[in-house]
Structure formats: C-alpha cells, structure tokens
Amino acid sequence: MYYHRHLESVVERIAKRKPVLVLTGARQVGKSTMLKEVYKSINYIALNRPLVGTYF
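These notes cover the structure that comes with them. Not measured: the values here are computed from a predicted model.

About the cut-offs
Residues numbered from 1 in each chain as written. Predicted model: local features only at pLDDT ≥ 70, side-chain atom pairs only at ≥ 80, totals over all residues. Heavy atoms only, no water. Helix = DSSP H or I, 4+ residues; strand = E, 2+ residues; numbered from the N terminus. Buried < 20%, exposed > 50% of the residue type's maximum accessible area, 1.4 Å probe, protein only. Areas by Shrake-Rupley, 256 points an atom, 1.4 Å probe, with all protein chains shown as cover. Contact = heavy atoms within 4.5 Å. 1 Å grid on protein atoms, 1.4 Å probe; cavity = no way out; pocket = protein on both sides within 12 Å on 5 of 7 lines; lining within 4 Å. Points joined across faces, edges and corners; volume = space filled by probe spheres on them. Axes fitted to C-alpha atoms, helices over the stretch in contact; angles between N-to-C directions. Parallel < 35°, antiparallel > 145°, perpendicular 65-115°, else oblique. Left-handed = near helix turned anticlockwise from the far one by under 90°. Nonpolar A, V, L, I, M, F, W, Y, C, P; charged D, E, K, R; others polar. Lys, Arg positive; Asp, Glu negative; His and termini not counted. Salt bridge = Lys/Arg side-chain N within 4 Å of Asp/Glu carboxyl O. Polar contact = N/O pair within 3.5 Å; in protein donor to acceptor, adjacent residues only side chain to side chain.

The subject of this paragraph is the overall build of the chain. When helices and strands are tallied, the chain shows 2 helices and 0 strands. Relative to its full complement of 56 residues, the chain shows a buried share of 11%. As presented, the chain carries roughly 5700 Å² of accessible surface, and 57% of it is formed by carbon and sulfur atoms.

Written out as structure tokens, the structure is:
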C-alpha cells in the first residue's frame, strides 16, 4: 500500500524547472518508492555506501 505524500507536488514542481533532482533523507522512509510512484519510468542512481566486509 502506498501513501501519497505532500512532497510529491514539490518534487514535480522542481523537476519541471531543473534537469537533475537530488532527493536525500533518512534510510527507509520511502524516497525511492515515492519517485517510482510519481515517475513510472525513472532512471535513478542510489549512492549507498557499499558493504564493507569485516576482516579478522
């Protein structure tokens, strides 16, 4: 189930004026989900840190 957010209209308005949009925020709050919902065919790059193995 997807909950619509107030931020959707803000993102749409900014995206009309700018070619690139950076959306940042805490983990697992629905940033990517919101973008996929608003823009059905979107290309995005996740800049997550790669997992670092622990060596003993």
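Having put the structure on the table, let's press on.
With that out of the way, let us pick up the environment of Lys 36. Mapped onto the secondary structure, Lys 36 falls in helix α2 (residues 31-38). Judged by its relative accessible area of 44%, Lys 36 falls in the partly exposed class. Apart from the residues lying within four places of it in its own chain, the contact partners of Lys 36 are Ile 42 and Tyr 44.

The next thing to look at is the layout of surface pockets. Of the pockets and cavities examined, the largest pocket occupies roughly 860 Å³. Lining the largest pocket are 26 residues, with Leu 23, Ser 32, Tyr 44, Ile 45 and Ala 46 positioned closest to its centre.

All right, on to the packing of helix α1 (residues 7-17) against α2 then. Remark: α1 packs on α2, axes separated minimally by 11 Å, with the N-to-C direction vectors making an angle of 65°. Relative to α2, the element α1 lies roughly perpendicular. Between α1 and α2 the crossing geometry is right-handed. Note on element contacts: α2 touches α1 through Met 34, Leu 35 and Val 38, opposite Leu 7, Glu 8, Val 11 and Glu 12. When the residues that make up the contact of α1 with α2 are grouped by side-chain class, the tally is 5 nonpolar, no polar and 2 charged.

Our focus in this paragraph is the side chain of Glu 8. Here Glu 8 is to be found in helix α1. Buried charged residue Glu 8 carries no salt bridge. Nearest counter-charge: Arg 5, at 5.1 Å. Among the polar contacts made by the side chain of Glu 8, one reaches the side chain of Tyr 2 at a distance of 2.5 Å. When neighbours within four sequence positions are excluded, Glu 8 is seen to be in contact with Tyr 2, Tyr 3, Met 34 and Val 38.

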